[in-house]
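Chain by chain, the residues run as shown.
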Amino acid sequence: MGAVPSTPRKNARPQDTAEYLISTFVGEKSFPLTSDFWNKLLELPFTLQWPNYRVRQACETFVKNNYNTRHLAKILIHLVWSLQESSTTSGVSIDYTKAINAAYLSSVFLKYTIENAKSENFEELYLCLNEDETAVNILRDQNIGRFVMHGILSFIGSTDVSSQTYLLHLELLNFVLVAMSTQLRSGPTPGPKDVHPFIDAAMGQDSALVGLVVHRLLLNYITRPRIPSSGATHSIFSEDGEPGVLHKVGSAAANFVLMPFNYFVSSSGNVSRNPLADNSLLLLLILIHYRKCLMMVEPITEKCEDPLKLDSLVKEKSYFSDNPFYRALESARDVEFDRVDIEGNGHNGPLVRLSFASLFDTLGLHLADEDSVLLLYSLVHGNSDFLEYVLVRTDLDTLLIPILETLYNASRRTSNQIYMLLIILLILSQDSSFNASIHKLILPSVPWYQERLLHNTSLGSLMVIILIRTVKYNLSQLRDVYLHTNCLATLANMAPHVHRLSAYASQRLVSLFDMLSRKYSKLAEQKNEKMLQINPNSIEGNNTVEDMSAELHIYTDFLRIVLEILNAILTYALPRNPEVVYAIMHRQEVFQPFKNHPRFIELLENIYSVLDFFNSRMDAQRTDGEWSVEKVLQVIIINCRSWRGEGMKQMFTQLRFTYEQENHPEEFFIPYVWKLLVLSHSGFGFNIGAINLFPVPLPIEDARVEEEAEREQTDDLDV
């Protein structure tokens, strides 16, 4: 592949010409920016069928020769020039074709170069021209990466998506995702030495352009443009031994690259449901969650061999630059509601204006997708106007039903998705109007809930049921304290505003205390047994006891929160919740073992005051025959009207838990977003062996081999 083939005959077949031009592009000969070679390369409709190994050989040859040819930098410059020319012409022109071809070819060779880069600063890209190259004035004082990102983002932000521009928009999104994949080569903690030429260049764009790009990406997500009927896609890499392909086919208007998106399809063959919408969202998430780490003026002078301590020192001496894309999302405003800033908190820079109603409805339709969940989190956490808009909607079920259904199917979801959904619910539950309104919205049925039929259940009751179910699932599967805390915190925020909680939800609430109490009692018993068994001088044994004590303390806190939830309902909402009173009376024995527990005494005194009041009213009633559920409930309802809080301690204020983001959110969000891109439905086929940003699970076949090896080793030990 390294040698340049002979020039094809004048009347050569198109595939022969394509073969020659691609081989010349990756070869040793360097063509100046002004050479006519670039027009020939980018205007040619390819019909080139190459198997896998030839595509990879071409990439290898390109990387080897790019140091001398600087063809990557040059084709990128021609990409921007083509975009600039296409923006000045009406309708589809040859410049559209050239831009599509340049973006596609750049993506192929840029991706391979990033995957196989040996240097930490990606020197192999050579994003500069040789000194003897006569550069155009616009490039003399400008970094090529910045020039390229400005040109591409300008086109994306300022050009509408239409049937004529769809493929070019899609190809540019693909290119930008490839260009920013340098993050996959870095570790999970951003450091001041990390080099990301393209995403750092994007962060340096002016706020007006950033606002246009954020608006366009959100609009693509909302409107979800479809592939034009004349379009088709082909994969560049072969699968199952079929020939690879580098293929373009002419259309009536122009010659389009017809394989732009599927180039990224991984071996799983999963294709995104809407390439333009999905890649727009993924790019937006990458942009808004990126944080550039910079060092303070004072260098680190301390000598430290401990990597953990050194990492801590670096964090102390570093800071993160402002992210303009996050600020743009944060400033997004509803185009249908132009609120006057009466507090004088003027926003610096242009605002992103779009329809919150359309965004709300689109999110509601796609919350089964993790990337949509992450966008919703980013909006309700970062954009106060959007959060306020959500809270005043009367159809909260549009968002909450898909959230609750996803939590119901937690076993089929990732832990990160579950965390994000619970945080969203926690943020929403911080608002008292939200907690009140969810109990007013009645659901005729909940068809996806299988354990029992739920008819005419309030949205609030369903939310209580699902949160408690999530705690139960976590107890048996994940065993994550953070997940427990979020569920209980949300329930605690809801408690004072509970209105006519259903019988089933009330029963589940009391059962939650019973479930946690049994776990607590089991831990306490195991700890006592362990203390009797261990040698007082055993360090390992003492550490085990300390761990068990810590876990016991955690469950003590959980039990207290559940008691506080019950107290909040009884203190602030008892007359409106006879089913809660009935559930407590029906299972009052579960509280008895903790009546004298020092952490629970005052809370249980309140509960027993309620029990004493209603038990006495029951005793005063004469009834013929057995007490039925209906008769007991009728007595409770009648006496709820006369309840005045006798014996209740009013010292307990309303609980209110708030969500606070971690100090270094980038350590979670940057790997998370790239996992969505690399490992999920988008099928971004990055070489998993080159990924350092997050641990990549072994392919199924490799995992089986490893399991068999471990089994054989175990068998040998048993012998």
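Reading the values: the criteria
Counting restarts for each chain, with residues numbered from 1 along the sequence as it is written. Given that the model is predicted, a residue must reach a pLDDT of at least 70 before its local features are reported, and side-chain atom pairs must reach 80 or more before they are shown or counted; all residues, however, enter totals for whole chains, interfaces and linings. Side-chain measures were taken over the full set of non-hydrogen atoms in the model, leaving aside hydrogen atoms and water. Helix and strand definitions follow DSSP, with helices as H or I runs of at least four residues and strands as E runs of at least two, each counted in order from the N terminus. Classification of residues uses two cut-offs on accessible area relative to the type maximum, computed with a 1.4 Å probe and protein chains only: under 20% is buried, over 50% is exposed, and between them is partly exposed. By definition, residues are in contact when any of their heavy atoms lie within 4.5 Å. Residue exposure ignores everything except the shown protein chains as possible cover, and the areas themselves are Shrake-Rupley values with a 1.4 Å probe. Angles run from 0 to 180 degrees between N-to-C directions of axes, and those axes are lines fitted to C-alpha atoms, restricted for helices to the stretch in contact. In this scheme the crossing of two helices becomes right-handed for a clockwise turn of the near helix relative to the far one and left-handed for an anticlockwise turn of less than a right angle. Polarity classes work like this: nonpolar for Ala, Val, Leu, Ile, Met, Phe, Trp, Tyr, Cys and Pro, charged for Asp, Glu, Lys and Arg, and polar for all others, with Gly in that last group. Expected helix span is taken as 1.5 Å per residue step, with the number of steps being one fewer than the number of residues. Among buried residues, the Ala, Val, Leu, Ile, Met, Phe, Trp, Tyr and Cys ones that are joined through side-chain atoms within 4.5 Å form a nonpolar core. A domain assignment, automatic or from a database, supplies the domain bounds used here. Positive charge is attributed to Lys and Arg, negative charge to Asp and Glu, and no charge count is given to His or to the chain ends. When a carboxyl oxygen of Asp or Glu is within 4 Å of a side-chain nitrogen of Lys or Arg, the pair counts as a salt bridge. Each angle is binned into one of four classes, with values under 35 degrees roughly parallel, values over 145 roughly antiparallel, values of 65 to 115 roughly perpendicular, and all other values oblique. Pairing of aromatic rings covers Phe, Tyr and Trp, the last through its six-membered ring, and needs centres within 6.5 Å; plane angles under 30 degrees mean stacked, over 60 mean edge-to-face, and all others mean tilted. Definition used: whenever NZ (Lys) or CZ (Arg) falls within 6 Å of the ring centre and also within 35 degrees of the ring normal, the charge is taken to sit over that ring. Every residue carries a pLDDT, the predictor's confidence in it, which falls somewhere between 0 and 100. Nitrogen and oxygen atoms within 3.5 Å of one another constitute a polar contact, given that in protein one can donate a hydrogen and the other can accept it, and given that sequence-neighbouring residues count only through two side-chain atoms.

Novice: Looking at this structure, I do not really get the overall build of the protein. What am I missing?
Specialist: Assigned secondary structure in the protein consists of 28 helices and 9 strands. Looking at the protein as a whole, 53% of its 719 residues are labelled buried. The contacts in the protein between residues at least 6 apart in sequence include a share of 76% that link residues at least 24 apart. Of the roughly 33500 Å² that the protein leaves accessible, carbon and sulfur atoms contribute 49%.

Novice: Looking at this model, I keep getting lost on the packing of helix 7 (residues 144–158) against helix 8 (residues 166–179). Mind explaining?
Specialist: Packed helix pairs are specified by the crossing angle of their axes together with the interaxial distance, meaning the distance between the axes. Two elements in contact, helix 7 and helix 8, have axes whose closest approach is 10 Å; the angle formed by their N-to-C orientations is 140 degrees. When the axes of helix 7 and helix 8 are compared, the crossing they make is left-handed. For the pair formed by helix 7 and helix 8, the contact residues are Val 148, Met 149, Ile 152, Phe 155 and Ile 156 on the first element and Leu 168, His 169, Leu 172, Leu 173, Phe 175 and Val 176 on the second. Residues belonging to the contact of helix 7 with helix 8 are distributed by class as follows: 10 nonpolar, 1 polar and no charged.

Novice: What am I meant to see in helix 18 (residues 415–429) here?
Specialist: Each turn of an α-helix holds 3.6 residues, which means side chains three or four residues apart point in the same direction. For helix 18, built from 15 residues, the straight-helix expectation of 21 Å at 1.5 Å per residue is met to within 8% by its first-to-last C-alpha distance of 21 Å. Extensive coverage of helix 18 is indicated by the burial of 14 of its 15 residues.

Novice: Please explain the nonpolar core as it appears in this structure.
Specialist: Soluble globular proteins: nonpolar side chains tend toward being buried together. Leu 41, Ile 75, Met 180, Phe 325, Leu 375, Phe 591 and Phe 614 are the most contacted members of the largest nonpolar core, which has 227 residues in total. Here this core spans two domains, since at least three of its residues come from each of domain 1 (396–496) and domain 2 (518–653). If we skip the residues at most four places from it in the chain, Leu 375 touches Leu 218, Tyr 221, Leu 281, Leu 284, Leu 285, Leu 359 and Leu 363.

Novice: How should unusual backbone geometry be read in this particular structure?
Specialist: Excluding glycine, a negative phi dihedral is what most residues carry, and trans is how most peptide bonds are arranged. A positive phi angle is found at Arg 70, which is not glycine, with a value near 55 degrees. Position of Arg 70 relative to the elements: it lies in the loop between helix 3 (52–69) and helix 4 (71–87). On the accessibility criterion, Arg 70 (8% relative accessible area) is buried.

Novice: Where do I start with the side chain of Glu 124 in this structure?
Specialist: Tracing the backbone shows Glu 124 in the loop between helix 5 (94–115) and helix 6 (137–140). The side chain of Glu 124 sits in the buried core without any salt bridge; Lys 118 is the nearest counter-charge, 6.4 Å away. Residues within four places of Glu 124 in sequence aside, it is in contact with Asn 66, Thr 113, Ala 117, Lys 118 and Ser 119.

Novice: Sorry, what's going on with helix 17 (residues 397–408) here?
Specialist: Within helix 17, 9 of the 12 residues are buried, which leaves it mostly tucked inside the rest of the structure. Among all positions in helix 17, only Leu 399, Leu 400, Ile 401, Pro 402, Ile 403, Leu 404, Thr 406, Leu 407 and Tyr 408 are buried.

Novice: Teacher, can you tell me more about the pattern of salt bridges here?
Specialist: Charged atoms that come close allow side chains of opposite charge to pair. Under the definition given, this model contains 17 salt bridges. Of the charged contacts, one joins Arg 54 and Glu 19 as a salt bridge, the two residues approaching to 2.6 Å between their closest N and O atoms. Separated by 35 residues along the polypeptide, Arg 54 in helix 3 and Glu 19 in helix 1 (residues 14–26) bring together distant segments of the chain. Given the relative accessible area of 19%, Arg 54 is considered buried.

Novice: In this structure, what is going on with the packing of helix 4 against helix 5? I would like to understand it.
Specialist: Relative to each other, helix 4 and helix 5 sit at 150 degrees, their axes nearing to 8 Å. Relative to helix 5, the element helix 4 lies roughly antiparallel. By crossing handedness, the relation of helix 4 to helix 5 is classed as left-handed. Residue-level contacts link Leu 72, Ile 75, Leu 76, Leu 79, Ser 82, Leu 83, Glu 85 and Ser 86 of helix 4 to Asp 95, Tyr 96, Lys 98, Ala 99, Ala 102, Ala 103, Leu 105, Ser 106 and Leu 110 of helix 5. A class-by-class count of the residues in the contact of helix 4 with helix 5 yields 11 nonpolar, 3 polar and 3 charged.

Novice: So what exactly am I meant to see when it comes to the packing of aromatic side chains here?
Specialist: Both the distance between ring centres and the angle between the ring planes are used here to describe each pair of aromatic rings. Under the defined criterion, the tally for this structure stands at 29 aromatic pairs. Plain terms: the ring middles of Tyr 419 and Tyr 482 are 5.8 Å apart, the flat faces sit at 80 degrees to each other, and that makes the pair edge-to-face. Pair noted here: Tyr 419 is in helix 18 and Tyr 482 is in helix 21 (residues 481–494), with a separation of 63 residues, a long-range link. Residue Tyr 419 is classed as buried on the basis of its relative accessible area of 15%. What makes Tyr 482 partly exposed here is its relative accessible area of 35%. Its end group placed over the ring of Phe 320, Arg 291 keeps NZ or CZ at 4.3 Å from the ring centre. Between Lys 595 and the ring centre of Tyr 608, over which it is positioned, the NZ or CZ distance is 4.1 Å.

Novice: Would you take a moment to explain the environment of Leu 363 for this structure?
Specialist: Position of Leu 363 relative to the elements: it lies in helix 14 (residues 356–366). Residues Leu 363 and Val 373 lie 10 residues apart in sequence; the distance between their C-alpha atoms is 7.9 Å.

Novice: Whenever I open this one, the confidence of the model for the protein confuses me. Can you help?
Specialist: Any segment with low pLDDT has predicted coordinates that should not be analysed in fine detail. Mean pLDDT over the protein works out to 83, with 79% of the residues at or above the 70 mark. Considering only residues more than four positions removed or in separate chains, one finds that residues 340–344, a stretch of pLDDT under 50, has 1 contact.

Novice: Mind showing me how you'd approach the environment of Ser 87 here?
Specialist: Take Ser 87: it is sitting in helix 4. Overall, Ser 87 belongs to the partly exposed group, its relative accessible area being 47%. When the C-alpha positions of Ser 87 and Phe 155 are compared, they lie 7.5 Å apart, and in sequence the two are 68 residues distant. Ser 87 has contacts with Phe 155 and Thr 159, leaving out every residue within four places of it along the chain. Polar side-chain contacts of Ser 87 include one of 2.9 Å to the backbone oxygen of Leu 83.

Novice: I tried to follow the side chain of Asn 474 on my own but got confused; where do I start?
Specialist: You can see Asn 474 is positioned in helix 20 (residues 459–476). One polar contact links the side chain of Asn 474 to the main-chain carbonyl oxygen of Asp 480, over a distance of 2.8 Å. A distance of 3.3 Å separates the side chain of Asn 474 from the side chain of His 484, its partner in a polar contact. Those residues in contact with Asn 474 that sit more than four places away from it in its chain are Arg 479, Asp 480, Leu 483 and His 484.

Novice: Which parts of the structure should I look at to understand the environment of Glu 60?
Specialist: Inspection of the secondary structure puts Glu 60 in helix 3. Counting along the chain gives 34 residues from Glu 60 to Val 26, while the straight-line C-alpha distance between them is 8.7 Å.

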